[in-house]
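So the chains spell out like this:
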Amino acid sequence: MIKAVLATDMKQHFGLMAAFQALLAELARHGPTLLLRSQELVLQMALKFADVGHVMAHWDVHRAWVARLEEEM
């Protein structure tokens, strides 16, 4: 769980994205059973997507989340 939370740090972005893209390429060749061996990466990406998903929301929802993030920082 700690690694999943740390994956939301943008310093990890490019490394995680590269690893996830490689996993997707492997899934295309070997099927979904590969996910069982990649649970940590899948969990990291799920939390990362949840963390930044507000950018795809309606503008008012996105602004509210950005305000909360700014307040937290």
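Residues numbered from 1 in each chain as written. Predicted model: local features only at pLDDT ≥ 70, side-chain atom pairs only at ≥ 80, totals over all residues. Heavy atoms only, no water.

Caption draft 1: Fine view of the overall build of the protein chain. A tally of regular secondary structure across the protein chain gives 4 helices and 0 strands. In the protein chain, the order of α-helices and β-strands from amino to carboxyl end is α-α-α-α. By the compact-globule yardstick of 11 Å for 73 residues, the protein chain is too spread out, its C-alpha radius of gyration being 15 Å. For the C-alpha atoms alone, the extent of the protein chain along its principal axes is close to 45 × 25 × 20 Å. (Helix = DSSP H or I, 4+ residues; strand = E, 2+ residues; numbered from the N terminus. Rg over C-alpha atoms; globule rule 2.2 N^0.38 Å.)

Caption draft 2: Fine view of the side chain of His 62. Within the secondary structure, His 62 sits in helix α4 (residues 59-72). Judged by its relative accessible area of 16%, His 62 is buried. (Buried < 20%, exposed > 50% of the residue type's maximum accessible area, 1.4 Å probe, protein only.)

Caption draft 3: Structural detail: helix α3 (residues 39-52). Between its first and last C-alpha, α3 extends 20 Å over 14 residues, near the 20 Å set by a 1.5 Å rise per residue. Taken as a whole, α3 has its buried residues at Leu 41, Gln 44, Met 45 and Lys 48. What you see down the axis of α3 is that its buried residues fit within an arc of 95°, all on one side. Projecting away from the buried face of α3 at angles above 90 degrees are the exposed residues Gln 39 and Ala 50. Looking at the buried side of α3, the elements it contacts are α1 (2-6) and α2 (13-30). (Expected span 1.5 Å × (residues − 1). Arc of directions from axis to C-beta. Contact = heavy atoms within 4.5 Å.)

Caption draft 4: Structural view of the layout of surface pockets. Considering only enclosed or pocket space, the largest pocket measures out at about 230 Å³ in volume. Surrounding the largest pocket, Thr 8, Met 10, Asp 51, Val 52, His 54, Leu 69, Glu 72 and Met 73 form its lining. Looking at the lining of the largest pocket, the elements with two or more residues in it are α3 and α4. A per-class count over the lining of the largest pocket returns 4 nonpolar, 2 polar and 2 charged. (1 Å grid on protein atoms, 1.4 Å probe; cavity = no way out; pocket = protein on both sides within 12 Å on 5 of 7 lines; lining within 4 Å. Points joined across faces, edges and corners; volume = space filled by probe spheres on them. Nonpolar A, V, L, I, M, F, W, Y, C, P; charged D, E, K, R; others polar.)

Caption draft 5: Highlighting a nonpolar patch on the surface. On the surface, Met 1, Val 5 and Leu 43 cluster together into a nonpolar patch covering about 310 Å² of accessible area. With respect to the secondary-structure elements, Val 5 resides in helix α1. (Patch = residues over 30% accessible without salt bridge, like charges linked within 9 Å, V, L, I, M, F, W, Y side chains within 5 Å. Areas by Shrake-Rupley, 256 points an atom, 1.4 Å probe, with all protein chains shown as cover. Salt bridge = Lys/Arg side-chain N within 4 Å of Asp/Glu carboxyl O.)

Caption draft 6: Geometry of the packing of aromatic side chains. If you walk through the whole model with that rule in mind, you get 1 aromatic pair. Seen in terms of ring centroids, Phe 20 and Phe 49 are 5.8 Å apart; in terms of plane orientation they differ by 75°. Their pairing is edge-to-face. Of this pair, Phe 20 sits in helix α2 while Phe 49 sits in helix α3, placing them 29 residues apart in sequence. By relative accessible area, which is 16% here, Phe 20 ends up buried. Judged by its relative accessible area of 43%, Phe 49 is partly exposed. For Arg 68, the ring lying beneath its charged end belongs to Trp 65, and the centroid distance is 4.7 Å. (Phe/Tyr/Trp six-rings, centres within 6.5 Å; stacked < 30°, edge-to-face > 60°. Lys NZ or Arg CZ within 6 Å of the ring centre and 35° of its normal.)

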